[in-house]
Amino acid sequence: MAAVEDTYCVEHLHELLGGRRWTEPTVHEYWMCEDGFSLLTVSGLHYYLPGYLCAELDDPETADVIAECVCFTVGGKSEFRRNRMRDLGKMMTQAQTLALKDWLDYYVDAYG
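What comes next is a walk through the structure.

The rules behind each value
- Residues numbered from 1 in each chain as written.
- Predicted model: local features only at pLDDT ≥ 70, side-chain atom pairs only at ≥ 80, totals over all residues.
- Heavy atoms only, no water.
- Salt bridge = Lys/Arg side-chain N within 4 Å of Asp/Glu carboxyl O.
- Helix = DSSP H or I, 4+ residues; strand = E, 2+ residues; numbered from the N terminus.
- Buried < 20%, exposed > 50% of the residue type's maximum accessible area, 1.4 Å probe, protein only.
- Arc of directions from axis to C-beta.
- Contact = heavy atoms within 4.5 Å.
- Disulfide = S-S within 2.5 Å.
- Core = buried A, V, L, I, M, F, W, Y, C linked by side-chain atoms within 4.5 Å.
- Expected span 1.5 Å × (residues − 1).

Describing the pattern of salt bridges
It is possible for side chains of opposite charge to pair when their charged atoms get near one another. Counted according to the given criterion, the structure contains five salt bridges. Between R20 and E24 there is a salt bridge, with the nearest N and O atoms lying 3.8 Å from each other. With a closest N to O distance of 2.6 Å, K101 and D105 form a salt bridge. One end of the pair is K101 and the other is D105, both in helix α7 (residues 94-111) and four residues apart, which spans about a single turn.

With respect to unusual backbone geometry
Residue D64 is not a glycine yet carries a positive backbone phi of 55°. One can find D64 in the loop between α4 (60-63) and α5 (66-74).

Here we look at α5
Every buried residue of α5 is accounted for by I66, A67, C69, V70, T73 and V74. Axial view of α5: buried residues confined to an arc of 160°, hence all on one face. Contacts from the buried residues of α5 go to α2 (27-32), α3 (42-58), α4, α6 (79-91) and α7. One or two steps after α5, the chain reaches G76, where phi turns positive at roughly 85°.

Here's the deal with the state of the cysteines
Using the criterion set out here, one finds zero disulfides in the structure. Note on C69: no disulfide assigned, nearest cysteine sulfur contributed by C71 at a separation of 9.4 Å. You can call C69 buried: its relative accessible area is 17%. A relative accessible area of 26% places C71 in the partly exposed class.

With respect to the nonpolar core
Most often, soluble globular proteins have nonpolar side chains that are buried together. The biggest cluster of nonpolar side chains holds 28 residues, and the ones touching the most others in it are L17, F37, Y52 and V70. Once residues within four sequence positions are removed from consideration, V70 is found in contact with F37, L49, Y52, L53 and W103.

Some words on α6
The terminal C-alpha atoms of α6, which comprises 13 residues, lie 19 Å apart, in line with the 18 Å expected from a rise of 1.5 Å per residue. What α6 keeps buried is the set R81, R84, M85 and L88. One side of α6 carries all its buried residues, which in axial view fall inside an arc of 95°. Exposed residues lying more than 90 degrees from the buried face of α6 are E79 and K90. On the buried face of α6, the contacting elements are α3 and α5.

A look at the side chain of E29
Here E29 lies in helix α2. Every residue in contact with E29, bar those within four places of it in the chain, is listed here: L16, R20 and E24.

What follows is the structure, given as structure tokens:
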């Protein structure tokens, strides 16, 4: 199951995330991959989402715009995003869903 869409513009995602457990990349490496976050497959999003969320919590300054990328990807009203979130929701456990909700609540409270 591929984690990254097969597209020429995300070679760095393959280099930095490919074949690695979500706990392995550093905050800086997740930051380097923020531009391709929305190009992760639904399976890849499900797998690497905890790493992106933890990067933002662990070091918000280095993570920089990761939180905005997460919000942009899980939010939005386009049919494409709604379909991806529906598919992601089917993969997530109740605990994962609650963790994402808590993270989003924290982000909104902390940064408005």
